[in-house]
Amino acid sequence: MKRLCYITCLGYSLLLAGCPYSSSYKLDDVPSIYVEDELLGNWACFVKKPGTEREEPVKLILSKKNETEYNIAFTGYLDELKPFRIVNNDTVKGSASMSALLGRQFLNIEINARTYIAELQFANDTLSILPLAEHFTSRIVHSGKALKQMLEFHYKTRTHPMFDEDFCLKDMVKVN
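Residues numbered from 1 in each chain as written. Predicted model: local features only at pLDDT ≥ 70, side-chain atom pairs only at ≥ 80, totals over all residues. Heavy atoms only, no water.

A.B. asks: Which residues make up the overall build of the protein chain, and what values do they have?
C.D. replies: Broken down by element type, the protein chain carries two helices and nine strands. Seen in sequence order, the protein chain has helices and strands lined up from the N terminus as α-β-β-β-β-β-β-β-β-α-β. Residues counted as buried form 43% of the 176 residues belonging to the protein chain. Counting contacts in the protein chain only where the partners sit at least 6 residues apart, residues at least 24 apart contribute 57% of the total. Working note: accessible area of the protein chain is about 10,700 Å², and carbon and sulfur atoms make up 53% of it. (Helix = DSSP H or I, 4+ residues; strand = E, 2+ residues; numbered from the N terminus. Buried < 20%, exposed > 50% of the residue type's maximum accessible area, 1.4 Å probe, protein only. Contact = heavy atoms within 4.5 Å. Areas by Shrake-Rupley, 256 points an atom, 1.4 Å probe, with all protein chains shown as cover.)

And the structure:
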């Protein structure tokens with residue numbers, strides 16, 4: 001019986017270790033950064049399928065929800081997300097708002113009542129979305145203000161922030 005318990009705990013720990021950081025809180029309680037028109041549209045890149053060298057296409061669709069929020073949708077290779085039951089057909093849909101911290105831009109991506117924090121990098125007509133790793137902090141978050149403080153601490157004390165590489169969308173280009 002103990003062996004079954006250990007195997008179950010190990011399975012859950014491996015499952016949780018492979019997830020991007022999610023929270024009930026956003027970096028800003030009320031979105032205040034306006035939607036950037038140059039980010040709107042369809043973005044695409046290829047991601048490596050875990051365990052193989054094979055690359056699969058992923059598409060990000062950003063549209064304007066209101067003055068400070070985006071509609072966000074991910075389509076393409078989403079097999080890794082199916083066990084989490086957030087994939088509707090072949091798409092993950094949600095909303096996002098922008099936050100600024102330490103001269104960097106972050107997206108608060110809300111999907112199924114969970115907020116995922118991802119650094120947004122836009123340069124040379126390419127877009128990268130880099131979600132924070134689940135273990136970027138070991139503290140429990142009780143507010144958006146505390147989340148912001150933990151993120152500031154993380155970025156000030158690390159030479160390289162901890163991203164969940166399996167979920168990073170790097171160097172996406174705009175497509176039709």
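A.B. asks: Could you give an account of the pattern of salt bridges, naming the residues involved and the relevant values?
C.D. replies: All told, the structure shown has seven salt bridges when counted by the stated rule. Across the pair Asp28 and Lys148 runs a salt bridge whose closest N-O atoms are separated by 2.8 Å. Linking Asp28 in the loop between strand E1 (22-23) and strand E2 (41-48) with Lys148 in helix H2 (residues 144-157), this pair joins segments that are 120 residues apart in sequence. With a relative accessible area of 15%, Asp28 lands in the buried category. Given the relative accessible area of 24%, Lys148 is considered partly exposed. (Salt bridge = Lys/Arg side-chain N within 4 Å of Asp/Glu carboxyl O.)

A.B. asks: Outline H2, listing residues and values.
C.D. replies: Because an α-helix completes one turn every 3.6 residues, residues spaced three or four positions apart along the sequence face the same direction. For H2, which comprises 14 residues, the first-to-last C-alpha distance of 20 Å matches the rise-based estimate of 20 Å (1.5 Å per residue) to within 8%. Against E1, strand E5 (91-101), strand E6 (104-111) and strand E7 (114-123) lie the buried residues of H2. (Expected span 1.5 Å × (residues − 1).)

A.B. asks: How would you sum up the pairing of strand E9 (residues 169-175)? Please name residues and give values.
C.D. replies: Pairing between E2 and E9: three bridges, direction antiparallel. Bridging across to E9, Trp43 finds its partner in Lys174. Note that strand E8 (residues 126-131) and E9 share three bridges and pair antiparallel. The partner of Ile129 across the bridge, within E9, is Leu169. (Pairing = 2+ DSSP bridges.)

A.B. asks: Help me get a handle on the nonpolar core, residues and values and all.
C.D. replies: If you look at the biggest cluster of nonpolar residues, it comprises 24 residues, and the most contacted ones within it are Leu60, Tyr70, Phe74, Ile109, Leu127 and Met172. For this core, the elements supplying multiple residues, two or more each, are E2, strand E3 (55-64), strand E4 (69-76), E5, E6, E7, E8 and E9. Once you skip the residues sitting within four places of it in the chain, Ile109 turns out to touch Ile72, Phe74, Ser95, Ala96, Arg114, Thr115, Tyr116, Ala118 and Ile129. Within the second largest apolar cluster, 18 residues are counted, among which are Ile117, Leu130, Ala133 and Val141. (Core = buried A, V, L, I, M, F, W, Y, C linked by side-chain atoms within 4.5 Å.)

A.B. asks: Report on the environment of Tyr155, specifying residues and quantitative values.
C.D. replies: By the element assignment, Tyr155 lies in helix H2. Judged by relative accessible area, Tyr155 falls into the buried class, the value being 9%. Considered as a pair, Tyr155 and Leu101 are 54 residues apart in the sequence and their alpha carbons are 9.5 Å apart. Every residue in contact with Tyr155, bar those within four places of it in the chain, is listed here: Leu102, Arg104, Phe106, Glu119, Leu132, Pro161 and Phe163. Of the polar contacts made by the side chain of Tyr155, one reaches the side chain of Glu119; its length is 2.6 Å. (Polar contact = N/O pair within 3.5 Å; in protein donor to acceptor, adjacent residues only side chain to side chain.)

A.B. asks: Could you give me a rundown of unusual backbone geometry, with the residues and numbers involved?
C.D. replies: Phi angles above zero are rare outside glycine, and Asn112 is one such case at about 50°. As for its placement among the helices and strands, Asn112 is situated in the loop between E6 and E7. Given a relative accessible area of 51%, Asn112 falls into the exposed group. Not every positive phi belongs to a glycine, and Asn124 is a case in point at roughly 50°. Judged by relative accessible area, which is 76%, Asn124 ranks as exposed.

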